Amino acid sequence: MPTNSSSLYLPFGENKNAAWYGKDIVSVKQFSREDLEYVFGVAHEMRGMVERVGTLDLLKGKILANLFYEPSTRTSSSFAAAMERLGGSVISINEVKYSSVTKGETLADTVRTLECYTDAIVLRHPETGSAEIAAKAMHKPLINAGDGTGEHPTQALLDMFTIKAELKRFDDLTITMLGDLKYGRTVHSLARLLSLFNVKLNYVSPNILKMPKEVMDEVSEKGISQNEFSSLEDVLPETDVLYVTRVQKERFENADDYKKVKGAYIIDLDIMKTAKQKMIVMHPLPRVTEISMDFDDDPRAAYFRQMEYGLYVRMALLAMVLGKA
Ligand code: CP
């Protein structure tokens, strides 16, 4: 990551020729290795500036709409904090039941309304593909904050930033994804981004929650080694990044299926005795029981640091799409 803190952002005016100016962020498929390096560079600068001065006026006068049709703590509050730390302001619609959505307003009409008042929209929606529909209906930048079981691109970008910050590289790492790989949009996006590098991917899940074939085929096309397991013990000792996910009760149609797999894997101090000393455990959060709180103070527990990295990455993305980076 660069240490020069003066080159990657634009204190005055907008750079309408910048590569990401006015763009939507709908899928990680939009990002190359070079794009990732660029995002990480800007995020690194944002971190330095937050540590030095706290709040900037880079996006002064700009307004972000935070439109969340599903619950969120981290994504909604970190985008709001990112915008405010850059000097902008936020309109939050977290309870769509109090908006005209309850009168039958379509997603397309809702985002077209909000873009009349704001400069960009962050959208979380329960349906896969909704971010693309919203982006097509709008003229201003749309940032996908999770579309059903599809993608969560900004989470994957902050996950990659976390790995780079903590382990300093991607190449030659063994990354083990654990838990709900079927419905977990964060792992769908992360596997795709990791496939830009020379990594080995292990997928550990109950049989009914395996990584979708569509994602595995895309990763396979990049020549990346992928292996599926049901037992974590088989792969924990070789793992450099253990990416734990919650089994998402809200995605199951059948409550009995959820009960069968909900406690399938639990990370605690005991099982982590078999892991490397220099490795990290990540989780997009929220967690339920899949990581025991007794592991939280272990230096390998990176999930709280991961949340903080998310602020800097989201500051970078907002500055980029609004022409300030
Ligand atoms: N990681 C994540 O998306 O968390 P929230 O659901 O709290 O936004």
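A brief report on the enclosed structure follows. It should be emphasised that the depicted structure is a prediction, and the values quoted were computed from it without experimental measurement.

1. A closer look at the packing of helix α6 (residues 185–194) against helix α7 (residues 213–221)
In contact at an axis separation of 9 Å, α6 and α7 are set at 10° when each is read in the N-to-C sense. Classed by the angle they form, the pair α6 and α7 counts as roughly parallel. Taken together, the residues of α7 that come into contact with α6 (itself represented by His-188, Ala-191 and Arg-192) are Glu-214, Val-215, Glu-218 and Val-219. Residues of the contact of α6 with α7, tallied by class, amount to three nonpolar, one polar and three charged.

2. Notes on the site of the ligand
Contacts to the ligand come from Ser-72, Thr-73, Arg-74, Thr-75, Arg-124, His-152, Gln-155, Pro-284 and Leu-285. Between the ligand and the protein, one listed contact pairs an oxygen atom with a side-chain N or O atom of His-152 at 2.9 Å. In the environment of the ligand, a nitrogen atom lies 3.0 Å from a nitrogen or oxygen atom belonging to the side chain of Gln-155. When the ligand is considered free in solution it has 250 Å² of accessible area, and contact with the protein chains removes 92% of it. Residue classes in the shell around the ligand are distributed as two nonpolar, five polar and two charged.

3. Here's the deal with the nonpolar core
The biggest cluster of nonpolar side chains holds 70 residues, and the ones touching the most others in it are Met-46, Met-177, Leu-194 and Leu-201. Here the element with the most residues in this core is helix α9 (residues 303–321); it accounts for eleven residues. In this structure, Leu-194 is in contact with Met-160, Ile-163, Phe-170, Ile-175, Met-177, Val-199 and Leu-201, ignoring residues within four places of it in sequence. If you look at the next biggest cluster of nonpolar residues, it comprises 19 residues, including Leu-232, Met-272, Leu-285 and Ala-301.

4. Brief notes about the sheet that holds strand β8 (residues 241–244)
As summarised here, the arrangement of the five strands in space is β7-β6-β5-β8-β9, forming an open sheet in which the pairing is parallel. Strands with a single pairing partner mark the edges of an open sheet, and in this sheet they are β7 (225–229) and β9 (280–282). For this sheet, the mean angle separating the axes of adjacent strands, direction not counted, is 20°. The pairing of strand β6 (residues 200–204) with β7 spans five bridges and is classified as parallel.

5. Examining the pattern of salt bridges
Counted according to the given criterion, the structure contains 20 salt bridges. Glu-238 is the partner of Lys-200 in a salt bridge, and the nearest nitrogen-oxygen pair spans 3.2 Å. Here Lys-200, found in strand β6, pairs with Glu-238, found in the loop between β7 and β8; they are 38 residues apart in sequence, far enough to count as distant. Residue Lys-200 is classed as partly exposed on the basis of its relative accessible area of 28%. In this structure, the salt-bridge partner of Asp-217 is Lys-213, at a minimum N-O distance of 2.7 Å. Of this pair, Asp-217 and Lys-213 both sit in helix α7, separated by four residues, roughly a single helical turn.

6. Focus: the environment of Ile-266
With respect to the element layout, Ile-266 can be found in the loop between α8 (255–261) and β9. You can call Ile-266 partly exposed: its relative accessible area is 41%. Taking the C-alpha atoms as reference points, Ile-266 and Leu-178, separated by 88 residues in sequence, lie 10.0 Å from one another. Ile-266 has contacts with Ile-271, Thr-289 and Glu-290, leaving out every residue within four places of it along the chain.

Calculation rules
- Residues numbered from 1 in each chain as written.
- Predicted model: local features only at pLDDT ≥ 70, side-chain atom pairs only at ≥ 80, totals over all residues.
- Heavy atoms only, no water.
- Axes fitted to C-alpha atoms, helices over the stretch in contact; angles between N-to-C directions.
- Helix = DSSP H or I, 4+ residues; strand = E, 2+ residues; numbered from the N terminus.
- Parallel < 35°, antiparallel > 145°, perpendicular 65-115°, else oblique.
- Contact = heavy atoms within 4.5 Å.
- Nonpolar A, V, L, I, M, F, W, Y, C, P; charged D, E, K, R; others polar.
- Near = heavy atom within 4 Å.
- Polar contact = N/O pair within 3.5 Å; in protein donor to acceptor, adjacent residues only side chain to side chain.
- Areas by Shrake-Rupley, 256 points an atom, 1.4 Å probe, with all protein chains shown as cover.
- Core = buried A, V, L, I, M, F, W, Y, C linked by side-chain atoms within 4.5 Å.
- Buried < 20%, exposed > 50% of the residue type's maximum accessible area, 1.4 Å probe, protein only.
- Pairing = 2+ DSSP bridges.
- Salt bridge = Lys/Arg side-chain N within 4 Å of Asp/Glu carboxyl O.

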